[in-house]
Amino acid sequence: MKESIGGTQIFIIVIMMVILFSGIMAFTINRSNAFAVKDQLVSIIERAGTFDMNSQIVGGDSTGSPALEEIVDALAHNSYRQTGTCPSESTGKKVTAYQRNGAQTLGNNDAAFCIVKIDGNSPDGSPPISYYQIIVFYKLDLPVINELFVFKAIGQTKALYS
């Protein structure tokens, strides 16, 4: 009973600790990157003052919002590569799912980011108010095991008048 823990058991414990540590580091990096991207997209839409929910970039040609071109440029200069599933549309909300290149995705699956337009209540006589929700994704991705969970980072613009 002198050596109750052998070399193999210690090796397995060390490997498990390395996998756990690298998973925590990967999760932390993915999370901070997703929140930075979300903040960047919110500020782009707030600067533009509006966003055309029908806009997209197909084959390098942009249709609609110049804010989308700026968003695609921002994503191209960032290491954000996550994808996820956008929520479905509901009353008063229009959801558009985009890939990294600015093309809209079908069925809200495998989207790099989602933009949700929420129409707000405006007082009588004032222009209509709308908010935009930005949804980006980050994952818990462990070495060897691969991705386990997909999380969402959600941000909202201030009230924008159209």
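## Description of the pattern of salt bridges
Right, on to step 1. Across all of its chains, the model carries two salt bridges by this definition.
Right, on to step 2. Lys38 serves as the salt-bridge partner of Asp39, at 2.8 Å between the closest nitrogen and oxygen.
Right, on to step 3. Residue Glu70 is joined to Arg47 by a salt bridge in which the shortest nitrogen-to-oxygen separation is 2.6 Å. One end of the pair, Glu70, is in helix H2 (residues 66-76); the other, Arg47, is in helix H1 (residues 7-48), with 23 residues separating them in the sequence.
Right, on to step 4. Judged by its relative accessible area of 36%, Glu70 falls in the partly exposed class.

## Some words on the side chain of Gln82
Right, on to step 1. Inspection of the secondary structure puts Gln82 in the loop between H2 and strand E3 (93-98).
Right, on to step 2. Overall, the relative accessible area of 16% leaves Gln82 in the buried class.
Right, on to step 3. Residues contacting Gln82, with those up to four places away along its chain left out, are Asn30, Ala111, Ala112, Phe137, Tyr138 and Lys139.

## Examining the packing of aromatic side chains
Right, on to step 1. One pass over the full model with this rule turns up eight aromatic pairs.
Right, on to step 2. Ring plane angle 50° and centroid distance 5.8 Å describe the contact between Phe27 and Tyr138, whose orientation is recorded as tilted. With Phe27 in helix H1 and Tyr138 in strand E5 (residues 129-142), the pair connects residues that are 111 residues apart, well separated along the chain.
Right, on to step 3. What makes Tyr138 buried here is its relative accessible area of 7%.
Right, on to step 4. An angle of 50° between the planes, with centres 6.0 Å apart, marks the rings of Phe35 and Tyr138 as tilted. Here Phe35, found in helix H1, pairs with Tyr138, found in strand E5; they are 103 residues apart in sequence, far enough to count as distant.
Right, on to step 5. Take Phe35: its relative accessible area is 27%, and that puts it in the partly exposed class.
Right, on to step 6. An aromatic cluster of at least three residues, connected via ring pairs, comprises Phe27, Phe35, Tyr138, Phe149 and Phe151.

## Quick word on H2
Three or four residues apart is the spacing at which side chains of an α-helix point the same way, because the helix has 3.6 residues per turn.
Right, on to step 1. Three or more residues of H2 are buried, namely Ala67, Leu68, Ile71, Val72, Ala74 and Leu75. One side of H2 holds all its buried residues, which, seen down the axis, span an arc of 160°. Those residues of H2 that are exposed and aimed more than 90 degrees away from the buried face are Pro66 and Ala76.
Right, on to step 2. Buried-residue contacts for H2 involve H1, strand E1 (56-58), E3 and strand E4 (113-119).

## Notes on H1
Right, on to step 1. In this model, H1 (42 residues) spans 62 Å end to end at C-alpha, consistent with the 62 Å of a helix rising 1.5 Å per residue.
Right, on to step 2. One or two residues past the end of H1 sits Gly49, with phi positive at roughly 85°.

## Notes on unusual backbone geometry
Right, on to step 1. Within the chain, Asp110 stands out as a residue other than glycine whose phi angle is a positive 50°.
Right, on to step 2. Secondary-structure assignment places Asp110 in the loop between E3 and E4.
Right, on to step 3. On the accessibility criterion, Asp110 (55% relative accessible area) is exposed.

What counts and how
Every chain's residues receive numbers from 1 upward, in the order its sequence appears when written. Local features are withheld for residues below a pLDDT of 70 in this predicted model, meaning they are given only at 70 or higher, and side-chain atom pairs are given and counted only at 80 or more; totals for whole chains, interfaces and linings count all residues. Where side-chain values are given, they derive from all heavy atoms of the structure, hydrogens and water being excluded. By definition here, a salt bridge exists when the distance from a side-chain nitrogen of Lys or Arg to a carboxyl oxygen of Asp or Glu is within 4 Å. Secondary structure elements are taken from DSSP: a helix is a run of H or I of four residues or more, a strand is a run of E of two residues or more, and numbering for both begins at the N terminus. We call a residue buried when its accessible area falls under 20% of the maximum for its residue type, exposed when it is over 50%, and partly exposed in between, using a 1.4 Å probe and counting protein chains only. Two residues form a contact once any of their heavy atoms are found within 4.5 Å. Stacked, edge-to-face and tilted labels apply to pairs of Phe, Tyr and Trp rings (six-membered ring for Trp) whose centres lie within 6.5 Å, assigned for plane angles under 30 degrees, over 60, and everything in between, in that order. Note: the arc covers the axis-to-C-beta directions of the helix. Expected span of a helix: the number of residues minus one, times 1.5 Å.

In short, geometric facts, not functional conclusions.
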